[in-house]
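# An overview of the molecular structure
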Amino acid sequence: MSEPSPASHGSGHVLRRMTARGRDEAHRTATPLELFFDLCFVVAVAQAGRQLVHALAEGHQGTGLIGYLMMFFAIWWAWVNFSWFSSAYDTDDVLYRVVTLVQMAGVLILAAGIPRAFEHGEFTVVWFGYLVMRLALVTQWLRAARSCAGEERRTALLYAVGVSLCQVGWLGLLLLPQHAKPWLFLVMAVVEMSVPAIAEHRHTTGWHPHHIAERYGLFTIIVLGETVSAATVAVQSAVDEHEALGTLLPIAGGGLLIIFAAYWIYFAVPIHLHLASNRQAFLWGYGHYLVFGSAAAIGAGIEVAIEEAVGKAHISTFAASGAVTVATALFMFSVWLIHSRHHKRGLAQQLILPVSAVLVLACTFAGHAAVLLAGAVATATVAVGVTLTSRRAAAERTTDTAEGK
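To start, this report covers the structure provided alongside it. Since we're looking at a predicted model, the values are computed, not measured. For every chain, the first residue of the written sequence is number 1, and numbering continues from 1 onward in sequence order. Reporting in this predicted model follows two pLDDT cut-offs: at least 70 for local features of residues, and 80 or more for side-chain atom pairs to be given and counted; totals over whole chains, interfaces and linings ignore these cut-offs and use all residues. Side-chain metrics in this entry use all non-hydrogen atoms of the structure; hydrogen atoms and water are not considered.

## Some remarks on the overall build of the protein
- Helix numbering and strand numbering both begin at the N terminus, where a helix is a DSSP run of H or I of at least 4 residues and a strand a DSSP run of E of at least 2. Broken down by element type, the protein carries 13 helices and zero strands.
- Start at the N end of the protein and walk to the C end: the helices and strands fall as α-α-α-α-α-α-α-α-α-α-α-α-α.
- Based on the C-alpha atoms only, the size of the protein along its principal axes is roughly 75 × 70 × 35 Å.
- A buried classification covers 53% of the 405 residues belonging to the protein.
- Accessible area of the protein: about 18,000 Å², with a carbon and sulfur share of 68%. Buried residues are those whose accessible area, probed at 1.4 Å on protein chains only, stays under 20% of the maximum for their type, while exposed residues exceed 50% and partly exposed ones sit between those limits. The accessible surface values rely on the Shrake-Rupley method and a 1.4 Å probe; as for residues, cover is taken only from the protein chains in view.

## Some words on unusual backbone geometry
- For His27, which is not glycine, the phi dihedral falls at a positive 55°.
- Inspection of the secondary structure puts His27 in the segment before α1 (32-57).
- By relative accessible area, His27 is classed as exposed at 80%.

## Observations regarding the pattern of salt bridges
- Salt bridge, as applied in this entry: a Lys or Arg side-chain nitrogen positioned within 4 Å of an Asp or Glu carboxyl oxygen. One pass over the structure, following the stated rule, counts nine salt bridges.
- Between Asp93 and Arg143 there is a salt bridge, and its shortest N-O distance comes to 2.4 Å. Note that Asp93 is positioned in the loop between α2 (61-89) and α3 (94-120) and Arg143 in helix α4 (residues 124-146), a separation of 50 residues in sequence.
- Using a relative accessible area of 0% as the deciding quantity, one classes Asp93 as buried.

## Considerations on the side chain of Thr220
- The topology assignment puts Thr220 in helix α8 (residues 209-242).
- Look at Thr220 and you get buried, because its relative accessible area is 0%.
- Contact between two residues is taken to exist if any of their heavy atoms lie within 4.5 Å; hydrogens are not considered. For Thr220, the contacting residues outside a window of four places in its chain are Tyr266, Phe267 and Phe292.

## Focus on the nonpolar core
- We define a nonpolar core as any set of buried Ala, Val, Leu, Ile, Met, Phe, Trp, Tyr and Cys residues linked to one another through side-chain atoms lying within 4.5 Å. One finds Met71, Phe72, Tyr216 and Phe292 to be the most contacted residues of the largest nonpolar core, which totals 120 residues.
- With 17 residues, the top contributor of residues to this core is α2.
- Beyond its immediate sequence surroundings of up to four residues, Phe72 is in contact with Val45, Val223, Tyr289, Phe292, Gly293 and Ala296.

## Considerations on helix α9 (residues 245-266)
- In this analysis, the expected span of each helix is defined as 1.5 Å times one less than the number of residues it contains. Helix length check: α9 (22 residues) gives 31 Å between terminal C-alpha atoms against 32 Å at 1.5 Å per residue, within 8%.
- Taken as a whole, α9 has its buried residues at Leu248, Ile251, Gly254, Gly255, Ile258, Ile259, Ala261, Ala262, Ile265 and Tyr266. The arc enclosing the buried residues of α9, seen along the axis, measures out at 165°, which places them on a common side. Relative to its buried face, α9 has exposed residues pointing more than 90 degrees away, namely Gly246 and Leu249. Note: the arc covers the axis-to-C-beta directions of the helix.

What follows is the structure in structure tokens.
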């Protein structure tokens, strides 16, 4: 009798052999544990966004953006490490769940350290949170190595060694002077993203295309949800203090249109069909650093625009508007570059998002109407995309019918 698939095992199994899950496994979807794991990242994303708002509102754009890019990479990469491993080796037994809960504790420690890292360049708590997550992740890779042989075992061991060495490398954040830390972060980010390519050079782990696409889609919803939350709280706070509803409604309305359009744009194509190889999947997966980071930054930008409108931010209207329009344009362009262009047909469809990104940037010059105007452009982008897609589908049906005759 053959062994049941990993999906058929629940938490009643204390320990089972950690065998790879196949890429052709049917009905592979995100598990409740993965969804629970993602919830911890809501806290971390919120912390990074909050610190970005404070920095931009005080006119510290340079240090604020550098800090945000660093902290968001730490958040995103921790999520990537877990998601791709779980796609390949999720056993859903008691030990796997316990180790995953340890990783979740590390995420919360990381989130707690973000304010100190932003404000004082103090990375001790962030590093310790990563240490907790990395100890759990290395344990999982060693467990996978123990359950397999040959090139698959070599790949698992390379992951365990690579992750461990990277954690040692991050010690530089605790030892180097402040001016050197961003450069170390850049170098270590490249090293971190090289580990999967090196580890899977000879053997490809059994990540599941549909599962990975779903996991990235769920994280997109998380960052967009955090954007909605941040914008709502900002509007509520501003109204309570200033009662400036006439000034805030256009910003809130435009922000909501941008967020709705961002959801529509991202989920317009079935991307799992594109993830046919490691090269395609890694480029797509790594590119989501820009997608996720810009999506989360939209919410921070809306908060900054609201604070500027009620006189709480020490920046110009142009700078506040740019906090929204730049993040929105970057989201549109990065989604097109790594995601939707693989399913666009014809020059008109291919140009929609790049042209819209430029138009959104142009809205920066519209003063206090910039966010509302950017929301209108985003909505028009969706409308044009739906129209072109519908026309092409109708033309293809007509062609098929004619050929059938």
